[in-house]
Amino acid sequence: MRIGAVLPTTEIGSDPAALRDFAQAVEALGFSQLLLYDHVLGADPDRPGGWDGPYTIDHPFHEVFVTIAYLAAVTTTLELATCVLVLPQRQTALVAKQAAQIAVLSGDRFRLGIGSGWNYVEYEALDQNFRNRGRRQEEQVALMRRLWSEPVVDFQGEFHTVSRAGIDPRPRRPIPVWFGGSAEPQLKRAARIGDGWFPVSPPTPEAAAQADRIRGYLREAGRSLDDFGIGPQSQFRGGNPDLWRAHIQRWREIGATEISVATMNAGLRDVGDHIDAVRQYKDAVEAGD
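Bear in mind that the values here come from a model prediction, so they are computed numbers and not experimental data.

Trainee: Any chance you could explain helix H5 (residues 133-149) here in plain terms?
Mentor: What sets the pattern is the α-helix's 3.6 residues per turn: residues three or four places apart point alike. With 17 residues, H5 extends 24 Å from end C-alpha to end C-alpha; this agrees with the ideal 24 Å at 1.5 Å per step. The complete set of buried residues in H5 reads Gly134, Arg136, Gln137, Glu139, Gln140, Val141, Leu143, Met144, Leu147 and Trp148.

Encoded structure:
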């Protein structure tokens, strides 16, 4: 199982040296991947109607494409992934262009994790339709893959029109597209057109059942189970070596191919604390192996 880490987005601050230090430490410790969370806007809790989402205007989020480009320049082997980019609130051709550029500049160390999102305030501000986001996301993936692989694209879909146009430079190989989420339509999309799945829950019986259903959908689509990844997350907060090792073992039994540790919300003070936390986690799980 590949072991990765999550960028402590809301706690790492705005000093570029802290971002660099964390990514380089994760790479030096031998982690395989670094995941980045995505939000464009935070909502004001005092807005009309109130707000009960997990993030507000007071939670900082680094823009994922710009940040990954920066981190790609200061690392050499670490895979960088969005987990997850809220794709339907963005323009598809622009995302295809940005993702292709990241793949080119990073030496194919980029994975595009996508989701449909829950924050209707962001959709409104970005002038995108919140209600058809699932259906639109599927068409977006089809269009992006054509833009990544074909010099000239003619595309006429329900939501997109491209009339003999293309992007250049294009990635040297296909960019992996992973889906995040637990809604049944999203599980089906992941199995039908995705390269992997980011679960959003602990390794519960329901998560195991979701993984089993994904495997069933893969078989229905005639796709190989061996080429499909499952990448849950582990929380440093409230854990200890025994709990972390047991957590990984449960995910292994479910069929996870990788896991990434998140260190936010654990009372850590600075980037040095976050680096120490991921080191503790890796030492613990490797001792278990």
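The structure having been displayed, the exposition proceeds.
Trainee: Can you help me understand the packing of aromatic side chains in this one?
Mentor: Two aromatic rings, taken as a pair, are described by how far apart their centres are and by the angle between their planes. Considering all chains together, one arrives at 9 aromatic pairs under this definition. Ring plane angle 40° and centroid distance 5.0 Å describe the contact between Trp178 and Phe198, whose orientation is recorded as tilted. Of the two residues, Trp178 is situated in strand E8 (residues 177-180) and Phe198 in strand E9 (residues 196-198); the sequence distance between them amounts to 20 residues. With respect to class, Trp178 is no different from Phe198; both count as buried. One aromatic cluster is present, built from ring pairs that chain together Trp51, Trp118, Tyr120, Tyr123 and Phe130. Sitting above the plane of the Phe130 ring, Arg133 keeps its charged end 3.8 Å from the centroid. Of note, Lys282 hangs over the ring of Phe31, and the distance from its end group to the ring centre comes to 5.7 Å.

Rules used in this analysis
- Residues numbered from 1 in each chain as written.
- Predicted model: local features only at pLDDT ≥ 70, side-chain atom pairs only at ≥ 80, totals over all residues.
- Heavy atoms only, no water.
- Helix = DSSP H or I, 4+ residues; strand = E, 2+ residues; numbered from the N terminus.
- Expected span 1.5 Å × (residues − 1).
- Buried < 20%, exposed > 50% of the residue type's maximum accessible area, 1.4 Å probe, protein only.
- Phe/Tyr/Trp six-rings, centres within 6.5 Å; stacked < 30°, edge-to-face > 60°.
- Lys NZ or Arg CZ within 6 Å of the ring centre and 35° of its normal.

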